[in-house]
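# Structure assessment
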Amino acid sequence: MSKSIFEHSSPGCKGVGLPPRDTDIPLDKIIPQKYHRQSAARLPEVSKLDVMRHYIELSHKNHFIEKGLYPLGSCTMKYNPKIHEVLARHSCFTNLHPYQPESTMQGALELLYELQEDLAEISGMAAVTLQPSAGAQGEFTGIKIIEAYHKAKGNTHKTKIIIPDSAHGTNPATCHLVGYDVVELKSDAQGRCDIAHLKELVDENTAGFMLTNPNTLGLFETHIEEIAEIMHSVDALIYMDGANMNALLGIVQPGKIGFDIIHYNVHKTLSTPHGGGGPGAGPVGVVEKLLPFLPVPMISKDADGYHLDYSHEKTSIGKVHTFYGNFAVLLRAYIYVKMLGAEGLRRVSENAIINANYLMAILKDYYHIQHLEHCMHEFVADGTRQKKANGVSTLDIAKRILDKGFHAPTVYFPLIIPEAMMIEPTETESLASLDAFATAMIEIAQEAKENPDLLHGAPYTTPVRRVDDVRAVKQLDPIFKIEE
Ligand SMILES: *Cc1c(COP(=O)(O)O)cnc(C)c1O
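Described below are features of the structure shown in this document.

Definitions and cut-offs
- Residues numbered from 1 in each chain as written.
- Predicted model: local features only at pLDDT ≥ 70, side-chain atom pairs only at ≥ 80, totals over all residues.
- Heavy atoms only, no water.
- Near = heavy atom within 4 Å.
- Polar contact = N/O pair within 3.5 Å; in protein donor to acceptor, adjacent residues only side chain to side chain.
- Areas by Shrake-Rupley, 256 points an atom, 1.4 Å probe, with all protein chains shown as cover.
- Helix = DSSP H or I, 4+ residues; strand = E, 2+ residues; numbered from the N terminus.
- Phe/Tyr/Trp six-rings, centres within 6.5 Å; stacked < 30°, edge-to-face > 60°.
- Buried < 20%, exposed > 50% of the residue type's maximum accessible area, 1.4 Å probe, protein only.
- Lys NZ or Arg CZ within 6 Å of the ring centre and 35° of its normal.
- Pairing = 2+ DSSP bridges.

### Quick notes on the site of the ligand
- Of all residues adjacent to the ligand, which total 13 residues, the nearest are Ser74, Gly135, Asp241, His267 and Lys268.
- One of the side-chain N or O atoms of Asn265 is found 2.9 Å from an oxygen atom in the ligand.
- Protein chains bury 87% of the 380 Å² of accessible surface belonging to the ligand in isolation.
- Contributions of two or more residues to the shell around the ligand are made by α6 (135-153) and α10 (266-269).
- For the shell around the ligand, the element with the highest residue contribution is α6, accounting for three residues.

### Looking at the packing of aromatic side chains
- Counted according to the given criterion, the structure contains five aromatic pairs.
- Here the aromatic rings of Tyr99 and Phe323 are separated by 5.1 Å at their centres, their planes lie at 80°, and the arrangement is edge-to-face. Residue Tyr99 is found in the loop between α4 (91-94) and α5 (106-123), and its partner Phe323 is found in the loop between β9 (305-309) and α11 (327-363); the two are separated by 224 residues along the sequence.
- The exposed category is assigned to Tyr99, whose relative accessible area is 66%.
- Residue class for Phe323 comes out partly exposed when judged on its relative accessible area of 31%.
- Here the aromatic cluster, defined as three or more aromatic residues joined through ring pairs, consists of Tyr99, Phe323 and Tyr324.
- The ring centre of Phe6 lies 4.3 Å from the NZ or CZ of Arg42, which sits over that ring.

### What about the pairing of strand β6 (residues 261-264)?
- Side-chain alternation along β6 places Ile261 and His263 on one buried face and Ile262 and Tyr264 on a second face that is also buried.
- Sheet topology note: the strand β5 (residues 237-242)/β6 ladder contains four bridges and is parallel. Following the sheet pairing, Tyr239 is matched in β6 by Ile261.
- Across three bridges, the pairing between β6 and strand β7 (residues 284-286) is antiparallel. Each residue of the ladder has a partner; that of Ile262, found in β7, is Gly285.

So, to be careful, I would describe these as geometric facts and stop short of saying anything about function.
Have a look at this one:
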């Protein structure tokens, strides 16, 4: 166990010195007596170097992409170029004020305008709003747009949205938030939308359909044009959850194959550091007929330059974020897209797909894989073989991976695969690091056979062993109280 900062304390040790008071005004005149401290503050007495070492040591107890492979399926934990951080902190950007006159922030507006255009091109949509601050908020924006579209058309009978059983939990949550009923669509034996079931579910009351493509099994939804036809025949709209866009950059434009709305998770696909809960961005793209409903302002361009454009304010769903979205996050996405260009973005997805298929081809001999065909940027293996033969669960396997220096995959999701382990290596991993991860997984499969108890007890190398997840969620005050 590491020492706490108080255990590093040594009396009289100082990290900073305060300047002497530069006024004769008695303290009582500045701070009323009743607020004065009665005893010394309980602060650790440490040097600067002690503090640095303490926090560096703590930071290493965490797992992060610079420390090791982070195969968290659907979350796309890739390497984020450090130039983003340098530029995002540049005073040209950090000193901007959102209420500055338009004429004095032309550069920032140009940047947002070009990102709108680039994201529209990548997704094949007519226009993109940059406002939403995460994928889930992009979904909310998109479903509000579906609601506004039906309202404008007088489609008052539209009450439900269809969502596949492999979907991320935010999809149904979003629909409920907007006030729609959610109807669950079954997956077929190939792990795709069950078209026969879809036909049964669709009727005049259907407002829309939400689909993740590639879906959370890492499989491309092959029937998308047929699905679009079915949905559009009852004037329902199709929303694409774009969390898995890392598989499609420069390869598929969702707007060209039938989708009406899409969100990006720029913190996944377009390389903003994430994992600590934000900030992120969830730009939303729409087809031409949905333009009037996008949040305001958009950024527009004319002969005089770039403008905050409120021209469709009357039909818009309104604002979904203060000012213009998470500017510093969008800035990182802009740099990423410009640095890679069209060719580079395509290579990102191609390599993400190749890396996932490489791992799957090795691991299929050691772990059960339900849908054994070429995957996109991720695949779902599972621990059912180990569970049945050795009583070792996916949780045991995931915990053991930590001991081997890797982050665990996404586990027990998607819900339709028992003991699921969703593995997404991303394009930024080298052959050597993919091999190292595969070797660790193979060793664990071996350990499961020979010494299941070893896995039940894992992890052994982390500062906290197994935490009580349920208690951690329900009891929000710290479980580990610092001793006085
Ligand atoms: C991550 C994710 C979301 C939610 O996105 P956030 O940016 O975390 O709000 C939605 N759907 C899928 C498939 C995801 O992987």
